[in-house]
Amino acid sequence: MPTPLIERYGEHLSLEAGDPVVTLNEGSTPLIHSPRLSERVGAEVHLKFEGANPTGSFKDRGMTVAVSRAKGRGAEAVICASTGNTAASAAAYAARAGLRGAVIVPEGKIAVGKLAQALMHGARVIALQGNFDQALTIVRALAESHPIELVNSVNRYRIEGQKTAAYEVCDELGEAPDALAIPVGNAGNVTAYWAGFQDRGASPVLYGFQAEGAAPLVEGHPIDQPETIASAIRIGNPARWEEAMNAFTASRGRVAAVSDQQILDAYRLLASSEGLFCEPASAASVAGLLAHGLPVAEGSEPPGSVVCVLTGHGLKDPDTALGKAPPVIGCEVDLAAVEKAVFD
Ligand SMILES: *Cc1c(COP(=O)(O)O)cnc(C)c1O
């Protein structure tokens, strides 16, 4: 059974002595070697399957720390804006902590599994007739004028918790990888990985990938109406913009865009030839490697090892999966008919 993050890595997290540990035994997720991708990319590729966290995404790593601190300082409620996974995670940890939860999501724009999670965990779910960036602006204002804890990745404890994924990668490989490929939305996670690697004295090349229709960091300006099938990274004005860009620069890495088609191709490839079902946004890391390779700054060696972060579970978004999958084959109760259906 995984040990709670706060027990494994507590000395690197700045919780106060009296804070309770609100945990669902998150973290300790599988790091899976991929011979096929290694062959295609020309480096040893490992996949960090964050869908194995309790609510199905890496958000749990940050949420255990943020909600423990919120509870420790006497908060009665937590709030977030979310493209879905932060809402699911905040709702679960709030339930666990006995706190009220409120989540603001862009109306009609979040995957159905995430919505089901937030509702089942008892959060108040508000569907905003706008996008994620507008929702974040509103919750920031609410948190300033009400005794409610904001648990978006602007919360430093979220970043602290999420940096433990970098520790796990280093611990499992026995050293830091030469490069890390990661989807980028609000840019909290790439900021967190970089902080985690820096804590270990490592500086892997960071490759960040945004969806073409939601690529503010690539284009160098906010996007008013971000659009992509990868709803978890449908963000036009990342809160951690500067920190992420500094991390890309310091690591001699880069941020690039991938098309929805490239994302969906990688999404299907991972499911059908690796046995790993991640959500579309997660597949952006692999799509990016396949589309852009492993570019390096002049005078640097090409990376020999790369870790791709698969940020969330494919079950979150059954609509996208079923919409892109081959049809189910109907069959009558008849041996010959079934034989034909199976073998033809
Ligand atoms: C939140 C999320 C991202 C983006 O992470 P940021 O910290 O916002 O950059 C990517 N994929 C999934 C599945 C997510 O839930």
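Residues numbered from 1 in each chain as written. Predicted model: local features only at pLDDT ≥ 70, side-chain atom pairs only at ≥ 80, totals over all residues. Heavy atoms only, no water.

Asks: Quick question: what am I supposed to make of the overall build of the protein chain here?
Replies: A tally of regular secondary structure across the protein chain gives 15 helices and 10 strands. Against the 2.2 N^0.38 benchmark of 20 Å for 344 residues, the protein chain shows a C-alpha radius of gyration of 20 Å, consistent with a compact globule. C-alpha extents for the protein chain along the principal axes are approximately 65 × 60 × 45 Å. Taking all 344 residues of the protein chain together, 56% fall into the buried category. Counted over contacts in the protein chain with a minimum sequence separation of 6, partners at least 24 positions apart contribute 72%. (Helix = DSSP H or I, 4+ residues; strand = E, 2+ residues; numbered from the N terminus. Rg over C-alpha atoms; globule rule 2.2 N^0.38 Å. Buried < 20%, exposed > 50% of the residue type's maximum accessible area, 1.4 Å probe, protein only. Contact = heavy atoms within 4.5 Å.)

Asks: Please explain the nonpolar core as it appears in this structure.
Replies: One recurring pattern in soluble globular proteins: nonpolar side chains tend to sit buried together. The biggest cluster of nonpolar side chains holds 35 residues, and the ones touching the most others in it are Leu47, Leu270, Val286, Val306 and Leu310. For this core, the secondary structure elements donating two or more residues are helix 2 (35-41), strand 2 (44-49), strand 7 (179-183), strand 8 (205-211), strand 9 (254-258), helix 12 (260-274), helix 13 (280-292) and strand 10 (305-310). If you tally residues by element for this core, the top one is helix 13, at 6 residues. Those residues in contact with Val286, other than ones at most four positions away along the chain, are Leu37, Leu47, Ala266, Leu270, Cys308 and Leu310. (Core = buried A, V, L, I, M, F, W, Y, C linked by side-chain atoms within 4.5 Å.)

Asks: How do you make sense of the packing of aromatic side chains when you look at a structure like this?
Replies: We describe a pair of aromatic rings using the distance from one ring centre to the other and the angle between the two ring planes. All chains considered together, the criterion is met by 3 aromatic pairs. With centroids separated by 5.1 Å and ring planes inclined at 65°, the aromatic side chains of Tyr9 and Tyr167 adopt a geometry described as edge-to-face. Remark: Tyr167 occurs in helix 8 (residues 164-173) and Tyr9 occurs in helix 1 (residues 5-9); sequence separation between them is 158 residues. What makes Tyr167 buried here is its relative accessible area of 0%. Taking 6.2 Å as the distance between ring centres and 40° as the angle between the ring planes, the aromatic pair formed by Tyr267 and Phe277 counts as tilted. Taken as a pair, Tyr267 in helix 12 and Phe277 in the loop between helix 12 and helix 13 lie far apart in primary sequence, 10 residues in all. (Phe/Tyr/Trp six-rings, centres within 6.5 Å; stacked < 30°, edge-to-face > 60°.)

Asks: Would you explain the domain arrangement of the protein chain in this entry?
Replies: Often, the extent of an interface is quoted as the loss of accessible area on bringing the components together. Split by domain assignment, the protein chain resolves into domain 1 (5-57 + 159-323) and domain 2 (59-156). Look at where the C-alpha atoms of domain 1 and domain 2 centre, and you get two points 21 Å apart. Facing 48 residues of domain 1, the contacting portion of domain 2 comprises 35 residues. Between domain 1 and domain 2, a total of about 3300 Å² is buried, with carbon and sulfur atoms accounting for 50% of that surface. Considering only the surface of domain 1 that becomes buried against domain 2, Val22, Thr55 and Lys316 emerge as the three largest contributors, covering 19% of it. (Domains from an automatic or database assignment. Buried area = accessible area lost by both parts, 1.4 Å probe.)

Asks: Any chance you could explain the layout of surface pockets here in plain terms?
Replies: Rolling a probe over the atoms, with the probe sized like a water molecule, indicates the empty space that remains. By volume, the largest pocket amounts to about 360 Å³. Along the walls of the largest pocket sit 20 residues, with Ala77, Arg100, Gly101, Ala102 and Ile148 positioned nearest its centre. Partitioned by chemical class, the residues of the lining of the largest pocket number 13 nonpolar, 4 polar and 3 charged. Here the second largest pocket is characterised by a volume of approximately 150 Å³. For the second largest pocket, the full set of lining residues is Tyr267, Arg268, Ala271, Ser272, Phe277, Ala321, Lys324, Ala325 and Pro326. At the level of elements, helix 12 and helix 14 (318-324) are the ones that each hand at least two residues to the lining of the second largest pocket. No other element matches the 4 residues that helix 12 contributes to the lining of the second largest pocket. Taken together, the residues of the lining of the second largest pocket sort by class into 6 nonpolar, 1 polar and 2 charged. (1 Å grid on protein atoms, 1.4 Å probe; cavity = no way out; pocket = protein on both sides within 12 Å on 5 of 7 lines; lining within 4 Å. Points joined across faces, edges and corners; volume = space filled by probe spheres on them. Nonpolar A, V, L, I, M, F, W, Y, C, P; charged D, E, K, R; others polar.)

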